[in-house]
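A closer look at the structure
The chain contents come next:
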Amino acid sequence: FVPLATFPSWLQPIVEHNPVTIWVDTVRVLTLGDLYSPETSDLFAHVQSLGTLLWLSVVWFVGFLVFFSYLGVRKYRRT
C-alpha cells in the first residue's frame, strides 16, 4: 500500500507490473476518487484511470483462473 515512488529504483519495474499493485491501485481509486490532485500528484503519479485498472484486474484474474484451473484439472486426472 506504499506509493511506487518510495521503492528503490531497481524494484520499481517489478512493483509496477505486479497484479497486487494493480488491485491496490483499483481499490485506492475507488475509495479515494481522483488521485490527480496537486497534493497527491507526486505520490500517485503512476496510478492509471479507473477503466484501465478495472480492465487490467479482469485480465489478471482471468489469467490466474485459466492457469490454475488447467493445473488443477491436470493434477486431478493424474490421481
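Look above for the structure.
Everything in this summary refers to the structure shown in the same document. Note that the structure is a prediction, hence the values are computed from the model and not measured. (Residues numbered from 1 in each chain as written. Predicted model: local features only at pLDDT ≥ 70, side-chain atom pairs only at ≥ 80, totals over all residues. Heavy atoms only, no water.)

Here the focus is the overall build of the protein chain. The number of helices and strands found in the protein chain is 3 helices and 0 strands. Secondary structure elements in the protein chain, listed N-terminal to C-terminal, are α-α-α. With 79 residues in all, the protein chain has 22% of them scored as buried. Put simply, of all contacts in the protein chain between residues at least 6 apart along the chain, 51% involve residues at least 24 apart. (Helix = DSSP H or I, 4+ residues; strand = E, 2+ residues; numbered from the N terminus. Buried < 20%, exposed > 50% of the residue type's maximum accessible area, 1.4 Å probe, protein only. Contact = heavy atoms within 4.5 Å.)

We now examine the environment of Asp-25. Structurally, the position occupied by Asp-25 is in helix H2 (residues 19-32). Distance from Asp-25 to Ser-49, taken between C-alpha atoms, is 9.4 Å for residues 24 residues apart in sequence. Here Arg-28 takes part through its side chain, which lies 2.8 Å from a polar atom of the side chain of Asp-25. (Polar contact = N/O pair within 3.5 Å; in protein donor to acceptor, adjacent residues only side chain to side chain.)

Let us look at the packing of H2 against helix H3 (residues 50-78). Close contact between H2 and H3 brings their axes to 9 Å; oriented N to C, the two are set at 140°. The pairing of H2 with H3 is recorded here as oblique in orientation. Here H2 and H3 pass one another in a crossing that is left-handed. When H2 is examined against H3, the residues Pro-19, Ile-22, Trp-23, Asp-25, Thr-26, Val-29 and Leu-30 are found in contact with a partner set consisting of Leu-50, Leu-53, Leu-54, Leu-56, Ser-57, Trp-60, Phe-61 and Phe-64. Looking at the contact of H2 with H3, its residues break down into 12 nonpolar, 2 polar and 1 charged. (Axes fitted to C-alpha atoms, helices over the stretch in contact; angles between N-to-C directions. Parallel < 35°, antiparallel > 145°, perpendicular 65-115°, else oblique. Left-handed = near helix turned anticlockwise from the far one by under 90°. Nonpolar A, V, L, I, M, F, W, Y, C, P; charged D, E, K, R; others polar.)

The next point concerns the packing of aromatic side chains. In the structure shown here, the tally under the stated rule is 4 aromatic pairs. A centroid spacing of 5.7 Å and a plane angle of 35° characterise the contact between Trp-60 and Phe-64, whose relative ring orientation is tilted. Residue Trp-60 and its partner Phe-64 are located together in helix H3, separated by 4 residues, close to a single helical turn. Each member of the aromatic cluster is reached from another via a ring pair, and the members are Trp-23, Trp-60, Phe-64, Phe-67 and Phe-68. (Phe/Tyr/Trp six-rings, centres within 6.5 Å; stacked < 30°, edge-to-face > 60°.)

A few words now on H2. The terminal C-alpha atoms of H2, which comprises 14 residues, lie 20 Å apart, in line with the 20 Å expected from a rise of 1.5 Å per residue. All of the buried residues along H2 are Pro-19, Thr-21, Ile-22, Val-24, Asp-25, Thr-26, Arg-28 and Val-29. On its buried side, H2 packs onto helix H1 (12-16) and H3. Two or three places before Val-20, at the opening of H2, Asn-18 has a side-chain oxygen 2.9 Å from that residue's backbone nitrogen. (Expected span 1.5 Å × (residues − 1).)

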